[in-house]
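# Structural characterization, general
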Amino acid sequence: MHSIESTISPLRLELEPGRPAMLRVGDTDDPAGWAAEAREGLASALVEHGAVVIRGLELHDTTDMAAVMDRLRVEPVAEKETFAQRETYGPGVYSASPWPPNQPMCMHHELSYTLAPPGLLLFACLSEPTVGGATCVADAAAVLDALPGDLVSRFERDGWLLTRTYNDEIGATLTEAFGTAERDAVETYCRAQGISWAWQPDGSLRTTQRRRAVVRHPVGGRRCWFNQIAFLNEWTLAPEVREYLVEEYGTGGLPFNTFYGDGEPLDEDVVRLINSAYEDHTVRMPWQAGDLLAVDNIRTAHSREAYEGPRSVFVAMASPTRLDSGPSTVEGGLR
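Here's a quick rundown of the structure. This is a predicted model, so every value here is computed, not measured.

### Focus on the environment of C125
Its place among the elements puts C125 in strand β8 (residues 118–127). Once the C-alpha coordinates of C125 and C136 are considered, the two residues, eleven residues apart in sequence, prove to be 13 Å apart.

Written as C-alpha cells, this is what we have:
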C-alpha cells in the first residue's frame, strides 16, 4: 500500500500500514541542531502516533545521541532496578539490554515497575543487523481495548505483582540494580519505592512490588495497558530456560516473575493471550544505520526481533513520569 503524509507542525510524516510513523530529514552534520528546531513538532507527533522513526540524522555514536537528548530539553533517567546489566555512556544513555540474538524480546514498557518510569525513549541505530533485529512498537491503548474485559477489570482493580530474587549468579546483581550492595541503603531505597524485601539465609535478596497495570496517559488521559506482566513472567521464557531456572532455584526463587495483584499465579494461557494481543498490534520498520526511533514509553510498548549479524543499538531514557496520582498531576514526556 502507498504511504500517505501527515503534516504535524512543522514535521511531515510518512504513514504506512504496518509501520511506525516516519520522518525523513535531509542529511545533516548537526543532529543536535535539528533536535532543537524539531522539538515541538516531535512532541506533537508523539502525542498523535506514539512512536516516530527519524531517518537521515546520520547518528554516528553515543555522543550524538546524548547531544540530541540535551537539545530536546528532557531530563535523563538514571536506571534503577535493572533486570540485566547495561553499559552506561552518559546521563540516561545506555547499551541495549543484553538478550540472546536468536531469541526475540517480547513487548514491554521500559521500567514500568518503577514509580517514575521514563516517559520518553530514544533508540539510535549505529549499525543494522543483516537479518531481523527491528525494534517493534505497539499502541498500548489499542492493546488494552483488545484484551478481554474481565481480565482488564481484574488487573485494573488489583494491579500486578513483580517478584525478584537478586543473587550473583543470574540476572542483575544488587549493585547493578540498586547502585550499592549495602543492606541499609538497599532497604532505604525499597522503603521509599513501596517495595517489600526479605534477605535470604544465603545472602540473596527477594523483593515484591505491586504496581498499576492500567494507567492514564499524561496528555489526554487515555487509558493504556502499561506494565511488564507478560515480559517478566516465567511463561514467556524459552521452555528450556524456564525448566532450568525452576530446577535450579525453584518457582519461588526465579530471578523475576509476575502475578495478579492479589498474588495468584498467572496461567500460561493468560500470558499467551497478552502476548498475542501485542502481536496483533505490532508495527515494525527495519533499522538503517543512523536512524533514531522516538517512543512515548507510556503510550507505546516496544520489543526486539531476533537477528543475525552485528547490531549496534543504544537507548536514551528521559522524562521521569509519576503515574500514581492521575493525569492531572503527572509530569514527564516530551512536551
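### Remarks on the sheet that holds strand β13 (residues 205–211)
Read across the sheet, four strands follow the order β12-β13-β11-β16 without closing on themselves; strand pairing throughout is antiparallel. Of all the strands in the sheet, the pair left with one neighbour each is β12 (195–199) and β16 (256–260). The mean angle between the axes of side-by-side strands here comes to 20 degrees, regardless of whether they run parallel or antiparallel. Bridge count for strand β11 (residues 160–166) against β13 is seven bridges, and the pairing is antiparallel. For R164, the partnering residue across the bridge sits in β13 and is T207. Docked against the sheet, helix α4 (residues 149–158) engages β11, β13 and β16, running at close to 105 degrees with respect to β16.

### Here we look at the packing of helix α1 (residues 31–49) against helix α2 (residues 62–71)
Geometry of a packed helix pair, given as the angle between the helix axes and the separation of the axes. In the contact formed by α1 and α2, the axes pass within 8 Å of each other and the chain directions differ by 25 degrees. In terms of orientation, α1 lies roughly parallel with respect to α2. In the crossing of α1 with α2, the sense of the turn from one axis to the other is right-handed. Touching P31, A32, G33, A35, A36 and R39 of α1 are A67, V68 and R71, all from α2. Class assignment of the residues belonging to the contact of α1 with α2 gives a composition of six nonpolar, one polar and two charged.

### Side note on the pairing of strand β3 (residues 21–24)
Pairing geometry for strand β2 (residues 11–15) and β3, over two bridges, is antiparallel. Bridging from a neighbouring strand, L13 pairs with L23 of β3. Between β2 and β3, which pair antiparallel and follow one another directly, the connecting turn spans five residues, one of which, G18, has a positive phi of 85 degrees. Of the strand pairs in this sheet, β3 and strand β4 (residues 51–55) are connected by four bridges, and their pairing is parallel. Residue pairing for β4: M22 is matched across the bridge by V53.

### So, the side chain of E79
Topologically, E79 is positioned in the loop between α2 and β5 (88–90). Within the structure, the side chain of E79 is placed 3.1 Å from the side chain of R86, a separation counted as a polar contact.

### Notes on the environment of P148
As for its position among the elements, P148 is in the loop between α3 (140–146) and α4. Sequence separation of P148 and A277 is 129 residues, and the distance between their C-alpha atoms is 10.0 Å.

### Focus on the pairing of strand β21 (residues 312–320)
Along β21, seven of the nine residues are buried, which leaves the element largely enclosed by surrounding structure. As paired elements, strand β6 (residues 93–95) and β21 share three bridges and run antiparallel to each other. Looking at the pairing, S95 lines up with F314 of β21. For β8 and β21, the ladder comprises eight bridges, and the chain directions are antiparallel.

### Describing helix α6 (residues 183–192)
The complete set of buried residues in α6 reads V186, E187, Y189 and C190. Down the axis of α6, the smallest arc covering the buried residues is 160 degrees, so these residues share one side. Facing away from the buried side of α6 by more than 90 degrees, the exposed set consists of D184, R191 and A192. Where the residues of α6 are buried, they touch α5 (174–178), β12 and β13.

### Brief notes about the state of the cysteines
In protein structure, a disulfide is the covalent linkage between the sulfur atoms of two cysteines. Counted by the stated rule, this structure contains zero disulfides. C136 supplies the cysteine sulfur nearest to C106, a cysteine that is in no disulfide, at a spacing of 12 Å. In this structure C125 is a free cysteine whose sulfur lies 13 Å from that of C136, the closest cysteine sulfur available. Here C125 falls in the buried class, since its relative accessible area comes to 0%.

### Quick word on the pattern of salt bridges
Inspection of the entire model under this criterion finds 14 salt bridges. For R24, the salt bridge is made with E14, and the minimal N-O distance between the two is 2.8 Å. Of this pair, R24 sits in strand β3 while E14 sits in strand β2; the two residues are ten residues apart in sequence, bridging distant segments of the chain. In this structure, R55 engages D291 in a salt bridge whose closest nitrogen and oxygen atoms are separated by 2.6 Å. On the criterion of sequence distance, the pair formed by R55 in strand β4 and D291 in the loop between β17 (282–283) and β18 (292–296) is long-range, its members being 236 residues apart. For R55, a relative accessible area of 12% gives the class buried. Residue D291 is classed as buried on the basis of its relative accessible area of 2%. Each of E79, R86 and E110 takes part in one network of salt bridges that share partners.

Here is what the cut-offs are and how they apply
- Residue indices begin from 1 for each chain and proceed along its sequence in written order.
- Only residues with pLDDT of at least 70 are given local features in this predicted model, and only at 80 or more are side-chain atom pairs given and counted; all residues enter the totals for whole chains, interfaces and linings.
- Hydrogens are left out, water is left out, and the side-chain values use all remaining heavy atoms of the structure.
- Counting from the N terminus, the helices are DSSP H or I runs at least four residues long and the strands are E runs at least two residues long.
- Note on pairing: two strands pair once DSSP finds at least 2 bridges between them.
- Orientation is described by axes fitted as lines to C-alpha atoms, over the contacting stretch for helices, and by angles from 0 to 180 degrees between their N-to-C directions.
- In this analysis, two residues are considered to be in contact whenever any of their non-hydrogen atoms come within 4.5 Å of each other.
- Angle categories are assigned with fixed cut-offs, so that under 35 degrees is roughly parallel, over 145 is roughly antiparallel, 65 to 115 is roughly perpendicular, and the rest are oblique.
- Note on convention: the crossing is left-handed when the near helix lies turned anticlockwise from the far helix by less than a right angle, right-handed when the turn is clockwise.
- Throughout, the ten residues Ala, Val, Leu, Ile, Met, Phe, Trp, Tyr, Cys and Pro are labelled nonpolar, Asp, Glu, Lys and Arg are labelled charged, and all others, Gly among them, are labelled polar.
- Think of a polar contact as two N or O atoms within 3.5 Å of one another; within protein, one of them needs to be a possible hydrogen donor and the other a possible acceptor, and neighboring residues in sequence only count if both atoms come from side chains.
- For every residue, the accessible area obtained with a 1.4 Å probe (protein chains only) is divided by the maximum for its type, and the residue is called buried under 20%, exposed over 50%, and partly exposed between those limits.
- The directions considered for the arc run from the helix axis to the C-beta atoms.
- Working definition: a disulfide is two cysteine sulfur atoms within 2.5 Å of each other.
- Each reported salt bridge corresponds to a side-chain nitrogen of Lys or Arg within 4 Å of a carboxyl oxygen of Asp or Glu.

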